[in-house]
Amino acid sequence: MNKVPLKIDNLSVAYQKKPVLRNVSFEVPEGKLIGIIGPNGAGKSTLIKAALGLIPRLSGEVSIYGRPYAEQRSMIGYVPQRESVDWDFPTNALDVVMMGRYGHLGWFKRPGSTEKKIAMDCLAKVGMTDYSDRQISQLSGGQQQRIFLARALAQDAKLYFMDEPFVGVDAATEKAIITLLNELKMQGKTVLVVHHDLATVQEYFDWVLLLNVNLIDFGPADQVFTADKLQQTYGGRLTMLDQENRSAWILNAR
């Protein structure tokens, strides 16, 4: 099998004729945690949705382990932005996590005891066992995010896309999420994460993709996450307060 989890060639996307992504090309190495970084409106979420075929592309090719996405869906896990989910849908936490097993079962086979055990194990990994029967509308924002992470774990994917999983969660949930991401990496999984908090980028991610409509740079965090590259990515939105005090200019861009 092709060892490249994700390859994107000359991807372009536009909304109402306005370019959102322009000729983006990169190749993702296997077994890495990758942060997708850039200002609001840079095309970060659009990049994930275009890769997953959720929105139309103007041009470009996307391959998952060397084949089209449509042929590799069972290898992919996706955690969408929390605000894009209908949390009033009448279902409980366990059922949401069980949905992650449908790709393995097929749509016409009902999940059984094996799938329920897998789902409960995934809930345990995110500390949500006691909430399995709780309606998702009754959960806090952090709890809802944990449920969607558990669903992604239940998919047992090789490549994960996570769109802003840390937004609106408490410190305990953020710690639980990054622990899970590192466990996935230890298992040889590849994870791409849209992320906003520049202060934690180097702590959380091995590789960084800097994006602002165009691809600014992509590579190991210690090579790409630099003052010069961040200035190219954020432009006037990022003010360097003190070159000697790294945290000062990073926090200023949040």
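Residues numbered from 1 in each chain as written. Predicted model: local features only at pLDDT ≥ 70, side-chain atom pairs only at ≥ 80, totals over all residues. Heavy atoms only, no water.

The protein chain has the name Metal ABC transporter ATP-binding protein in an unreviewed UniProt entry, where Paenibacillus residui is given as its organism.

1. Concerning the overall build of the protein chain
A tally of helices and strands in the protein chain yields ten helices and ten strands. Considering only contacts within the protein chain whose residues lie at least 6 apart along the sequence, 66% involve residues at least 24 apart. Carbon together with sulfur atoms contributes 47% to the accessible area of the protein chain, which is approximately 12300 Å² in total. (Helix = DSSP H or I, 4+ residues; strand = E, 2+ residues; numbered from the N terminus. Contact = heavy atoms within 4.5 Å. Areas by Shrake-Rupley, 256 points an atom, 1.4 Å probe, with all protein chains shown as cover.)

2. Considering the sheet that holds strand β6 (residues 76-79)
Taken together, the six strands give an open sheet; going across it, the order is β6-β7-β8-β3-β9-β10, and neighbouring strands pair in mixed fashion. At either margin of the open sheet sits one strand with a lone partner, and together these are β6 and β10 (214-220). Across the sheet, the mean angle separating the axes of adjacent strands is 15° when strand polarity is ignored. In the sheet, strand β3 (residues 33-37) pairs with strand β8 (residues 190-194) via four bridges, with the strands oriented parallel. In the sheet register, Gly 35 faces β8, and the bridge partner there is Val 193. Of the strands in this sheet, β6 and β7 (159-163) are in contact with helix α5 (residues 141-154), which crosses β6 at around 175°. (Pairing = 2+ DSSP bridges. Axes fitted to C-alpha atoms, helices over the stretch in contact; angles between N-to-C directions.)

3. Digging into the pairing of strand β4 (residues 59-64)
Sheet topology places strand β1 (residues 6-15) next to β4; four bridges connect them, and they run antiparallel. Its bridge partner being in β4, Ser 12 is matched across the sheet by Ser 59. Across two bridges, the pairing between β4 and strand β5 (residues 67-68) is antiparallel. When the bridges of β5 are listed, Ile 64 appears paired with Arg 67. Connecting β4 to the antiparallel partner β5 that follows it, the hairpin turn spans two residues, and Tyr 65 within it adopts a positive phi of roughly 50°.

4. Things to note about the packing of helix α4 (residues 113-125) against α5
Look at α4 against α5: their axes get within 9 Å of each other, and the N-to-C directions meet at 135°. By the angle between their directions, the pair α4 and α5 is classed as oblique. When the axes of α4 and α5 are compared, the crossing they make is right-handed. Across from Ile 118, Cys 122, Leu 123 and Lys 125 in α4, the residues of α5 making contact are Ile 147, Ala 150, Leu 153 and Ala 154. Residue composition of the contact of α4 with α5, by class: seven nonpolar, no polar and one charged. (Parallel < 35°, antiparallel > 145°, perpendicular 65-115°, else oblique. Left-handed = near helix turned anticlockwise from the far one by under 90°. Nonpolar A, V, L, I, M, F, W, Y, C, P; charged D, E, K, R; others polar.)

5. Observations regarding the nonpolar core
Note on soluble globular proteins: their nonpolar side chains tend to be buried together. Residues Val 97, Ile 147, Met 162, Leu 181 and Val 191 are the most contacted members of the largest nonpolar core, which totals 45 residues. No other element matches α5, which puts seven residues into this core. Look past the residues within four positions of Ile 147 in its chain and what remains in contact with it is Ala 93, Val 96, Val 97, Leu 123, Met 128 and Leu 139. Of all hydrophobic cores here, the second largest spans 30 residues; its members include Ile 64, Met 75, Tyr 78 and Phe 218. (Core = buried A, V, L, I, M, F, W, Y, C linked by side-chain atoms within 4.5 Å. Buried < 20%, exposed > 50% of the residue type's maximum accessible area, 1.4 Å probe, protein only.)

6. Description of the packing of α5 against helix α6 (residues 171-186)
Angle between the axes and distance between the axes: these two values describe a pair of packed helices. Packing of α5 against α6 leaves a shortest axis separation of 10 Å and a crossing angle of 10°. One finds that α5 runs roughly parallel with respect to α6. In contact with Gly 142, Gln 145, Arg 146, Leu 149 and Leu 153 of α5, α6 contributes Ala 172, Thr 173, Ala 176, Ile 177, Leu 180 and Leu 184. Of the residues belonging to the contact of α5 with α6, the class tally is seven nonpolar, three polar and one charged.

7. Here we look at the pairing of β10
Bridge count for strand β9 (residues 207-212) against β10 is six bridges, and the pairing is antiparallel. Its bridge partner being in β10, Leu 209 is matched across the sheet by Phe 218. Turn length for the β9-β10 hairpin, with the two strands adjacent in sequence and antiparallel, is one residue, and the turn residue Val 213 shows positive phi of about 70°.

8. A short note on the environment of Lys 32
You can see Lys 32 is positioned in the loop between β2 (18-28) and β3. When the C-alpha atoms of Lys 32 and Pro 220 are compared, they prove to be 9.6 Å apart, with 188 residues separating the residues in sequence. When near neighbours in sequence (up to four residues on either side) are disregarded, Lys 32 contacts Lys 189, Thr 190, Val 191, Asp 206 and Trp 207.

9. Re the sheet that holds β2
Taken in spatial order, the four strands make up an open sheet running β2-β1-β4-β5, and their pairing is antiparallel. The open sheet has two free edges, formed respectively by β2 and β5, since each of these has just one partner strand. Strand contacts of helix α1 (residues 44-51): β1, β2 and β4, with the helix running at about 115° to β1, the strand carrying the most contacts.

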